[in-house]
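# Close look at the chain arrangement
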Amino acid sequence: MAKETTDATPKPVRKRPVPQAPIKDGPGSAGVTVIAEPDAAAPAAAASAAQTIKDGAANLARQATDKARDYVAEGKTRAGGALDEVSRLMGDAADAVDEKIGPQYGQYARTAAEGIAGFSESLKAKEIEDLMADATAFVRKSPAVAIGIAAALGFVVARLVKAGLDSADDTAQVTSPTKSPDA
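In this report, we go over the structure that sits alongside the text. (Residues numbered from 1 in each chain as written. Predicted model: local features only at pLDDT ≥ 70, side-chain atom pairs only at ≥ 80, totals over all residues. Heavy atoms only, no water.)

## A few points about the overall build of the protein chain
Threshold: Strands here are runs of E lasting at least two residues and helices are runs of H or I lasting at least four, both read from the DSSP assignment and numbered beginning at the N terminus. The contact criterion used throughout is that any non-hydrogen atoms of two residues lie within 4.5 Å.
Looking only at helices and strands, the protein chain has 4 helices and 2 strands in total. What you see in the protein chain, going N to C, is helices and strands ordered as β-β-α-α-α-α. Partitioning the contacts of the protein chain with sequence separation of at least 6, the portion at a separation of at least 24 is 42%.

## Remarks on the side chain of Lys76
Quick reminder of the rule: We call a residue buried when its accessible area falls under 20% of the maximum for its residue type, exposed when it is over 50%, and partly exposed in between, using a 1.4 Å probe and counting protein chains only. We count Lys and Arg on the positive side and Asp and Glu on the negative side, and we leave His and both chain ends out. We define a salt bridge as a contact between a side-chain nitrogen of Lys or Arg and a carboxyl oxygen of Asp or Glu at a distance within 4 Å. Throughout this description, a polar contact denotes any pair of N or O atoms lying within 3.5 Å of each other; where both atoms belong to protein, one of them has to be capable of donating a hydrogen while the other can accept it, and for residues adjacent in sequence the pair is counted only when both atoms sit in side chains.
Mapped onto the elements of the fold, Lys76 is located in helix α1 (residues 42-100). For the buried Lys76, no salt bridge exists, and the shortest N-O distance to an oppositely charged side chain is 5.7 Å, to Glu127. Polar side-chain contacts of Lys76 include one of 2.6 Å to the backbone oxygen of Lys126. Here Lys76 is in contact with Leu123, Lys124, Lys126 and Leu131, once residues within four sequence places are set aside.

## Let's talk about a nonpolar patch on the surface
The test is simple: A patch consists of residues whose relative accessible area exceeds 30% and which take part in no salt bridge; residues with like charges are grouped when within 9 Å of each other, and nonpolar side chains (Val, Leu, Ile, Met, Phe, Trp, Tyr) when within 5 Å. Only the protein chains shown count as cover for residues, and all accessible areas are computed by the Shrake-Rupley method using a 1.4 Å probe.
A cluster of nonpolar side chains, contributed by Phe138, Val139, Val145, Ile149 and Leu153, occupies part of the molecular surface with about 430 Å² of accessible area. Mapped by element, the contributors of at least two residues to the nonpolar patch are α3 (128-141) and α4 (143-175). When residues in the nonpolar patch are grouped by element, the largest group, 3 residues, is from α4. Of note, Leu153 is situated in helix α4.

## Focus on the side chain of Ser87
Positionally, Ser87 belongs in helix α1. For Ser87, a relative accessible area of 11% puts it in the buried group. If sequence neighbours within four positions are ignored, Ser87 has contacts with Ala113, Ile116 and Ala117.

## What to know about the layout of surface pockets
For clarity, the cut-off: Whether a set of points on the 1 Å grid over the protein atoms alone is a cavity depends on a 1.4 Å probe fitting there but being unable to get out, while an open set qualifies as a pocket with protein on both sides within 12 Å along at least five of seven lines; lining residues are those with an atom within 4 Å of a point. Grid points are joined across faces, edges and corners, and a volume is the space filled by probe spheres set on the points. Three classes are used: nonpolar for Ala, Val, Leu, Ile, Met, Phe, Trp, Tyr, Cys and Pro, charged for Asp, Glu, Lys and Arg, and polar for all others, with Gly counted as polar.
Approximately 210 Å³ is the volume attributed to the largest pocket. Sorting the residues of the lining of the largest pocket by element identifies α2 (103-125) and α3 as the ones contributing at least two each. Per-element tally for the lining of the largest pocket: the top contributor is α3, with 6 residues. Within the lining of the largest pocket, the residues separate by chemical class into 8 nonpolar, 1 polar and 2 charged.

## Regarding the pattern of salt bridges
Taken as a whole and assessed by the stated rule, the structure comprises 9 salt bridges. In this structure, Glu129 engages Arg69 in a salt bridge whose closest nitrogen and oxygen atoms are separated by 2.3 Å. A residue pair is termed long-range when its members are at least 10 positions apart, and Glu129 in helix α3 and Arg69 in helix α1 qualify at 60 residues. Judged by relative accessible area, which is 42%, Glu129 ranks as partly exposed. Measuring nitrogen to oxygen at the nearest pair gives 3.0 Å for the salt bridge that ties Arg78 to Glu74. Remark: Glu74 and Arg78 occur in helix α1; sequence separation between them is 4 residues, near one turn of the helix. A relative accessible area of 60% places Arg78 in the exposed class.

Note that all results are geometric; they support no functional claim without further evidence.
Printed below as a string of structure tokens:
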């Protein structure tokens with residue numbers, strides 16, 4: 001007769017594969033699934049993945065901000081150069097105004113040229129953040145004037161674009177061969 005043992009210590013429970021229908025797609029597949037306990041490291045891995053995504057998004061935002069600053073700085077430089085050119089042209093035109101209309105009107109042109117040159121220098125000297133703050137303060141202080149300026153600039157840009165398109169059409173018509181009405 002076999003002796004029965006009464007052990008008080010429980011035996012460890014092993015995970016056993018649970019048989020399922022064989023998987024047709026996988027060659028050599030045993031068709032078993034292992035039922036596992038929830039992984040304790042999953043929340044930590046999810047937090048790590050979330051942090052990685054946040055870091056990546058912050059990096060992209062920083063790159064976009066840097067690129068925008070570069071474009072604004074380039075625009076500021078170009079605007080300063082254009083204003084300097086306008087100021088120089090107005091100063092040159094003041095001499096012609098002196099001769100044709102009179103010295104009083106020439107002085108108006110010189111004063112305007114000096115004002116434009118001063119604005120150009122202040123534009124070049126200011127930081128981008130200061131320019132944005134000034135523009136925001138101006139719009140809040142005088143929204144009607146800001147809308148009027150935006151409309152006027154839009155009109156000027158539209159006219160320049162239309163003039164450019166019209167001249168491109170004229171150039172295309174001149175350079176393309178045309179048939180004579182006799183043919």
